[in-house]
Amino acid sequence: MLKEMPKTYDPSTAEDRIYQMWEKAGYFHAAPNPEKEPFTIVIPPPNITGQLHMGHALDDTIQDAIIRFKRMQGYEALWMPGTDHASIATEVKIVDAMAKEGLTKKDVGREEFLRRAWSWREEYGRRIVNQLKKLGASCDWERERFTMDEGCSRAVLKTFVDLYEKGLIYRGDRIINWCPDCKTALSDAEVEYEEQDSFLWHIRYRAEDGGEGLVVATTRPETMLGDTAVAVHPEDERYAGLVGKNVILPILNKPIPVVADEYVEREFGTGCVKITPAHDPNDFEVGLRHGLPVIRVMADDGSMNENAGKFAGLSAKECRKAVVEELERTGALVKTEPYKHNVGTCYRCHSVVEPLVSKQWFVNARELAKPAIECVRDGRIKFVPERFDKIYFNWMENIRDWCISRQLWWGHRIPAYYCEDCGEVTVAAEAPKACPKCGSTHLHQDEDVLDTWFSSGLWPFSTMGWPDDTPELKYFYPTSVLCTGYDIIFFWVARMIMFGMSQMGEVPFHTVFIHGIVRDEQGRKMSKSLGNGIDPLKVIEKYGADSLRFSLTMGTSAGNDMRFYDSKVEACRNFANKIWNASRFVLMNAESDIIPVEQAKLDAADRWILTRLNDAVRAVTDNLESYELSLASQKIYDFVWSEFCDWYIELTKTRLYGEDAEEKKSALSVLLYVLDATLRLLHPFMPFVTEEIYSYLPHTSGTIMRAPWPKEVPAFNFPEVAQNMDGMMELVQSIRNVRADLSVPPSRRTHITIVTDEAHRAFYTGAGAYFNKLAGASGVTVQTDKAGIAPDAVPAVCAAAQAYMPLAELVDLEKERARLEKEKAAAEGEIARAQAKLQNEGFVKKAPEKVVEDVRGALLKNQELLQKINERLESLAK
RNA sequence: GGGUUUAUAGCUCAGUUGGUUAGAGCGCUACGUUGACAUCGUAGAGGUCGAUGGUUCGAGUCCAUUUAAACCCACCA
C-alpha cells in the first residue's frame, strides 16, 4: 500500500523541508569530475544592500532551470553562488543608517566604519542567501563566495598590479563625473541622464579693446568663473576678427582668448562657446588642444571654491543665482530663454553629477576592449538573443577610459603606495617596506577604493580560485552560460569579458543569456520611490515558489520586459495543483503490483500518449538546449493539462475501473511511466512539487534532482495510432458539441452508431468504450453503411467517421439548421481555399511535396465533411 | 543625432528556421457536484496579426516605407 497523497498540495510546508533535504544530501554540490562534462553558471552576485526582488527572482529562476536541466542530463553542473560587496550602494546605506544615530563617517573613522560594514555584510549577505533558497536555487553553497573575501581580493590585487605593469592602468588628472552627494568619482557608466527644464543664458563677453565682443550661450553660468577661453568655429566669418584676441570675462573682468575650434557648431545658440576646461569634458579637450589653463571653481562637496572669488562657499545652485543676478545688473545678460537639456545624475543617489577635473585612477579600456570585441565578433561568445551583440559592440567600440577609483571606504583599497619623501608611486600586491627609489620608509597607501564592478568583473574566475591554479579553474572555466538582465551588460558583462580575455586569455563564458526586467501590472518599472515593488517572498508565501517560478518563465520572450500579474501566478498555482491531482489519481489506483511499461499490453490510448510523450520530450529538450524556456514550459503545460489530464487519464478510467486485471495493470503502468517522465520534464521549472510527488511514486528512489533527463523512446512512436486517436477525439468533441447544442443533460445517455470506412472499422470497434466514457454513449455500434439507422437520428460528423444518436425529439429544427449552415460555410471555405491552392501551378510545382499532400488531404476531408452536412440538411428539410 | 524593441482576442502575452482552419492564461456566455482536481470539467463567443507597398506558389513571420509607444547610446555649450 502506497502512502496516500493529501488532497491539495501545500507548498508552504513542503518547500523548506524539501530544500533542506536536498542541501543536506549534497545534491547541489559539484566538483571536478573527469567522467563528466562540466556545465557551469556563475550567479550574478546579488548586492548585500538589500533583499531579493523580482529581478533576482527572474534571473535566478532561469539559471536554476538551466542548471537543473543540465544536471539531469548528466553534466557535472555547477552553479557558483555568492554576493557582491556593492561598494558605493552599500556605503550609502551604511552612511544612512549611521545618520540615524547622528553619526558621520568622519565621526567614526575608517576602521570603525569598516567594522560596521562587515557586520552589515554578515547580516544582509545571509539574508539574501536564505531568500535564494526560498526560491529553490540549487546553488553549490559549499562554494559560496563574496567579492571581498580573501581569494577575490587577491584576484583584484593581482589584476590591478598586472594591468598597471602593462601600462593599462594609470593615474592622472582627467575629467570625471563627481557625485557631490556620495562625494566620489563615478565612471561614465554610472551616470544616468535625465531631461530637465532649464534656461539658456546668453551672456555678452566684451572685447578687450572695448568692442562689442561676442555673446555666449550657456546652461551653466556658474562655471563661467572657471572660463579660460571662448571658442568659435574656424570658418565662422562673424567672429573671424576676434580669433586670437581677448575678450573680457564678466564679473571677474579677466581677459581670456578667443580660440577657433571645430568642435563648435555654428548653428547652435550664438556660435560662441565659453570654454571651462575644468568642468566640461568637451571643454577639457578643447583646452588640451589650445593649451588653456584649467581652473577648478568647485570643491568636492559641490560648493564653490576659492577660485570662485566672492562666490566661494556658495553651493552651485546659489552661485548660479548670484552670478545671473550680477550679470543682469551689469547688463552682460543679453537674454534668458527656456531650454530643456539632459543632466547627468548619480545612479545610486540621483543627485546631479558635476563633471570636474580630478586626479583619479583609470583603466585603458580601449586597449582591453579589442580582444573583448573580437571574441564576440568571431562567435566565441554568443548573445541570446543575438541582437544584444549590437548594443555590446556599440558600447565597446566607443568606450572611453574607465575611472576606477572611488573616494569611498567600503571596497578594495587601491594597492598604490606613495613615498612621502620622494613622491614615488609604488603599485604592488603587498605593501612595500621602503620606497624602492629613495629607500624612505615613509609610505602611505592610496586612500581610495576600487569601483565595485572591478571585482565583479573578475567573478567567473576569481570564484574558481584564480590567481591560484586550482582544479576548479581548470575544470569549470570557461563557464558555460552567463545569465543577466540587459541593464547590466555594460556594467558587468562587458567588464567580465575584458578581464577574462586579459587575465585568463580566454572567454569567461560561451553564451550570454539576456532577459528583460519585471515590471508592475501597469508596465511601470518597479521602484522604491513608486512603492510598486512586489516582494517575491510574499508571492512565494501565498502561492509557492514553483508557481512564482513558472509564472516568470511561461509566456515570456527572451530579452523583453514582462509584467507581473498576480492572476498569472494563480494560474501557475492551479497548474501545480493540476499535476498534483493527476498524480494523486494515478497513485490512488496503484494498489496492485506494478509491471514495467515494456510488459504492458498497450492499447490505442497508451500508444497515443506514449507517442505524444516522445513529442514532448523532444520539444522540451530542444527548447531548453536553445534557452527557449518559455516554449519549453508552455509545451509541458499543454502536455500535462490538455493531453495527459484531459484525455489520457479519462481514457484509462474504463480500464482502471474494469474487471480485467491485465488491462488495469497495463494502464497503470503507462500512467506511472508517463507521469514519471513528465515530472522530470517539469522539474527544472517546478522543483518542489515535482520532488514531492516523486517521493510518492512507487518505483522511484532518491531524488528527482538527480534522476536522468527523459529521452525519446523510438519503440514508443505510433504515428498511425496517434492519427486514429486524433480522429476519435475529433468525433467525441463533435458529439459533445451536438449534445450541448441540443441541451442534452449529461445523465441522458444514448446509443451511438458510428459509420466509418473499412479501414477504420477495427479501430472504432476497439474504441467503443471511449465513447461510453467521454461522449455520453450507452453503447456503440460500428458499421460501414447506414443500414438500420433511423432517418431522423442526429449525426455528429467529422471527416473520419460519423456518429448517429436517436435524439430526434430534442432537435430544434431552426437551431440545428443554423448550426449546420455555419459548419457548411466553414467547410466550403476550406474547400475553396484548398482548391485555389491546388489550381495554382506555382504552388503544386514549387511547394514541398508534403505541403501539397496536406492540402490535398484537407480538401478530401472537407469534401467528405461537406457531403455529410448536406445530407443532414436535406433530411432536415423533409 | 545614432541604435534597439514593441504593436496579434476585452486584458496580459506566446507564436524557433515563411507552409493546412493564428494559440494560451485571465475575463465573458451556457451547462455541469460523471468515483484526481470547483485551484475543476464540457461546449461556446471573441482576432482583416498597427498601416501601406513589395518579395514569394504561399507572409503574423522576410524586405521597404510609415504611424504610435517604450528603451539604450551619444550630449550642441
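A short tour of the structure in this document, coming up. Each chain carries its own residue numbering, running from 1 in the direction its sequence is written. In the order they appear in the text, chains get letters beginning with A and ligands get numbers beginning with 1. Predicted model: local features are reported for residues with pLDDT of at least 70 only, side-chain atom pairs are reported and counted for 80 or more only, and whole-chain, interface and lining totals are derived from all residues. Each side-chain value is worked out from all heavy atoms of the structure, with water and hydrogens disregarded.

1. Focus on the nonpolar core
By nonpolar core we mean a set of buried residues, namely Ala, Val, Leu, Ile, Met, Phe, Trp, Tyr and Cys, connected to one another through side-chain atoms within 4.5 Å. Any residue under 20% of the maximum accessible area for its type is buried, any over 50% is exposed, and the rest in between are partly exposed; the area is computed with a 1.4 Å probe on protein chains only. In this structure, Tyr392, Phe454, Ile497, Phe644, Met725, Met728 and Phe771 are the most contacted members of the largest nonpolar core, which totals 208 residues. Here the element with the most residues in this core is helix α18 (residues 629-656); it accounts for 13 residues. If sequence neighbours within four positions are ignored, phenylalanine 454 has contacts with Val156, Thr159, Phe160, Ile169, Val363, Trp402, Ile404 and Phe499. Grouped together as the second largest cluster of nonpolar side chains are 30 residues, Leu225, Val232, Cys272 and Phe311 included. For helices the rule is a DSSP run of H or I covering at least 4 residues; for strands it is a run of E covering at least 2, with both sets numbered from the N terminus onward. Any two residues whose heavy atoms approach within 4.5 Å at even a single point are treated as in contact.

2. Quick word on the pairing of strand β10 (residues 246-249)
Regular strands have side chains that alternate between both faces of the sheet. Two strands qualify as a pair provided DSSP detects at least 2 bridges between them. Pairing analysis gives four bridges linking β10 to strand β11 (residues 254-260), with the strands arranged antiparallel. Paired with leucine 249 across the strands is lysine 254, a residue of β11. Once β10 ends, the chain turns through four residues before running back antiparallel as β11, passing isoleucine 251 with a positive phi of about 70 degrees.

3. Quick notes on the packing of helix α5 (residues 150-165) against helix α13 (residues 489-504)
Running from amino to carboxyl end, α5 crosses α13 at an angle of 75 degrees, the nearest separation of the two axes being 11 Å. Between α5 and α13, the angle falls in the class roughly perpendicular. Between α5, through Thr159, Asp162 and Leu163, and α13, the contact on the second element is made entirely by Phe499, Ser502 and Gln503. In this analysis an axis means a line fitted to C-alpha atoms, helices contributing only their contacting stretch, and an angle means the value between N-to-C directions, from 0 to 180 degrees. In this scheme, roughly parallel covers angles under 35 degrees and roughly antiparallel covers those over 145, while 65 to 115 is roughly perpendicular and the rest are oblique.

4. Notes on the protein's contact with RNA strand B
Any residue with at least one heavy atom within 4 Å of a molecule or strand is counted as near it. Close contacts around RNA strand B come from 63 residues, with Asn282, Trp641, Tyr657, Arg833 and Lys846 the closest. Taking the atoms of RNA strand B that fall within 4 Å of the protein, sugar and phosphate contribute 67% of them. Arginine 573 places a side-chain nitrogen or oxygen 3.2 Å from a base oxygen of RNA strand B. Whenever a nitrogen or oxygen atom comes within 3.5 Å of another N or O atom, the pair is scored as a polar contact, on the condition that within protein one atom can donate a hydrogen and the other can accept it, and that pairs from neighbouring residues in sequence are kept only if both atoms are in side chains. Within the side chain of asparagine 577, an N or O atom sits 2.6 Å from a sugar or linking oxygen of RNA strand B. Any residue that is not Ala, Val, Leu, Ile, Met, Phe, Trp, Tyr, Cys, Pro, Asp, Glu, Lys or Arg is counted as polar, Gly included; the first ten are nonpolar and the last four charged. A breakdown of the residues in the surface near RNA strand B according to their chemical character gives 25 nonpolar, 19 polar and 19 charged.

5. With respect to the packing of helix α21 (residues 719-741) against helix α22 (residues 758-766)
The interhelical angle for the contact between α21 and α22, taken along N-to-C directions, is 70 degrees, at an axis separation of 11 Å. The orientation of α21 relative to α22 falls into the category roughly perpendicular. Here Asn724, Met725, Gly727, Met728 and Leu731 of α21 lie close against α22, whose contacting residues are His760, Phe763 and Tyr764.

6. Here's the deal with the side chain of serine 138
Relative to the elements of secondary structure, serine 138 occurs in the loop between α4 (105-135) and β4 (145-146). Classification of serine 138 by relative accessible area gives buried; the value is 0%. Among the polar contacts made by the side chain of serine 138, one reaches the side chain of aspartate 64 at a distance of 2.6 Å. Contact partners of serine 138, with chain neighbours within four places excluded, come to Phe28, Asp64, Ile67, Arg68, Arg71, Trp79 and Met705.

7. Re the sheet that holds strand β27 (residues 777-783)
Taking strand neighbours across the sheet as the criterion, the four strands line up as β27-β26-β29-β28 in an open arrangement whose pairing is mixed. Only two strands of the sheet have a single partner each, and these edge strands are β27 and β28 (794-797). Pairs of neighbouring strands in the sheet enclose a mean axial angle of 25 degrees, with direction left out of account.

8. Regarding empty space enclosed by the protein
Whether a set of points on the 1 Å grid over the protein atoms alone is a cavity depends on a 1.4 Å probe fitting there but being unable to get out, while an open set qualifies as a pocket with protein on both sides within 12 Å along at least five of seven lines; lining residues are those with an atom within 4 Å of a point. Grid points are joined across faces, edges and corners, and a volume is the space filled by probe spheres set on the points. In the structure shown here, the tally under the stated rule is two cavities of 30 Å³ or more. Considering only enclosed or pocket space, the largest cavity measures out at about 50 Å³ in volume. Residue lining of the largest cavity: Asn47, Asp84, Ala86, Ile88, Ala89, Tyr347, Arg348, Thr452 and Trp453, and that is the complete set. Contributions of two or more residues to the lining of the largest cavity are made by α3 (87-100) and α10 (452-456). Each residue belonging to the lining of the largest cavity can be placed in one class, and the counts come to five nonpolar, two polar and two charged. Taken as a whole, the second largest cavity holds about 40 Å³ of empty space. Where the lining of the second largest cavity is concerned, the elements lending two or more residues are α21, β28, α24 (813-839) and α26 (849-877). Partitioned by chemical class, the residues of the lining of the second largest cavity number six nonpolar, one polar and three charged.

9. Here's the deal with the pattern of salt bridges
Each reported salt bridge corresponds to a side-chain nitrogen of Lys or Arg within 4 Å of a carboxyl oxygen of Asp or Glu. With the rule as written, the count across this model stands at 59 salt bridges. Here arginine 17 and glutamate 692 are joined by a salt bridge, their closest N and O atoms 2.9 Å apart. Placement of the pair is arginine 17 in helix α1 (residues 11-25) and glutamate 692 in helix α20 (residues 687-694), with a sequence separation of 675 residues. Accessibility expressed as a relative area gives 9% for glutamate 692, which makes it buried. As a salt-bridge pair, aspartate 149 and arginine 145 come within 2.8 Å of each other at their nearest N and O atoms. The structure contains a network of salt bridges with shared partners spanning Arg612, Asp615, Arg618, Glu643, Glu712 and Asp726.

10. So, the pairing of strand β8 (residues 214-218)
The element β8 is largely enclosed, with a buried count of five among its five residues. The alternating pattern of β8 places Leu214, Val216 and Thr218 on one face and Val215 and Ala217 on the opposite face, and all of these are buried. As defined by bridge partners, strand β7 (residues 191-205) adjoins β8 across five bridges and the pair is classed as antiparallel. In the strand pairing of β8, histidine 202 is matched with alanine 217.

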